[in-house]
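Reading the structure
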Amino acid sequence: MSPMTAKAKGFRKSKPGAYLSMATTAFGAVSVVKQARMARKENDTLRLVDAAVSAAAIVTGLALLYRELKKLGDDDVLLG
């Protein structure tokens, strides 16, 4: 493993990395909302179901990132 790869993996397991991941995941919600609106407008049930499944994946991803953030916070002496 190269030093840059190790550094990137360490960043993903850090608080700033978790916040960045949460932000990018939440940003993906914008396209899902647009997709759902378009599907409703066109009465496209299949696209509406796809938007609902994508929304569920986003919510699950955010919950996992939140849990990781809490776990990182528990290791911090200053956060108690």
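Summarised in this report is the structure supplied together with it. All values derive from a computational prediction rather than experimental measurement.

1. Some words on the pattern of salt bridges
In this structure the tally under the stated criterion is two salt bridges. Of the charged contacts in the structure, one is a salt bridge between Arg 47 and Asp 44, with a shortest N-O distance of 3.6 Å. Residue Arg 47 is classed as partly exposed on the basis of its relative accessible area, which comes to 46%. Asp 44 sits in the partly exposed class, given a relative accessible area of 23%.

2. Details of the environment of Ala 57
Tracing the sequence through the fold places Ala 57 in helix H3 (residues 45-75). In this structure, the C-alpha to C-alpha distance between Ala 57 and Ala 29, residues 28 residues apart in sequence, is 9.9 Å.

The rules we used
- Residues numbered from 1 in each chain as written.
- Predicted model: local features only at pLDDT ≥ 70, side-chain atom pairs only at ≥ 80, totals over all residues.
- Heavy atoms only, no water.
- Salt bridge = Lys/Arg side-chain N within 4 Å of Asp/Glu carboxyl O.
- Buried < 20%, exposed > 50% of the residue type's maximum accessible area, 1.4 Å probe, protein only.
- Helix = DSSP H or I, 4+ residues; strand = E, 2+ residues; numbered from the N terminus.

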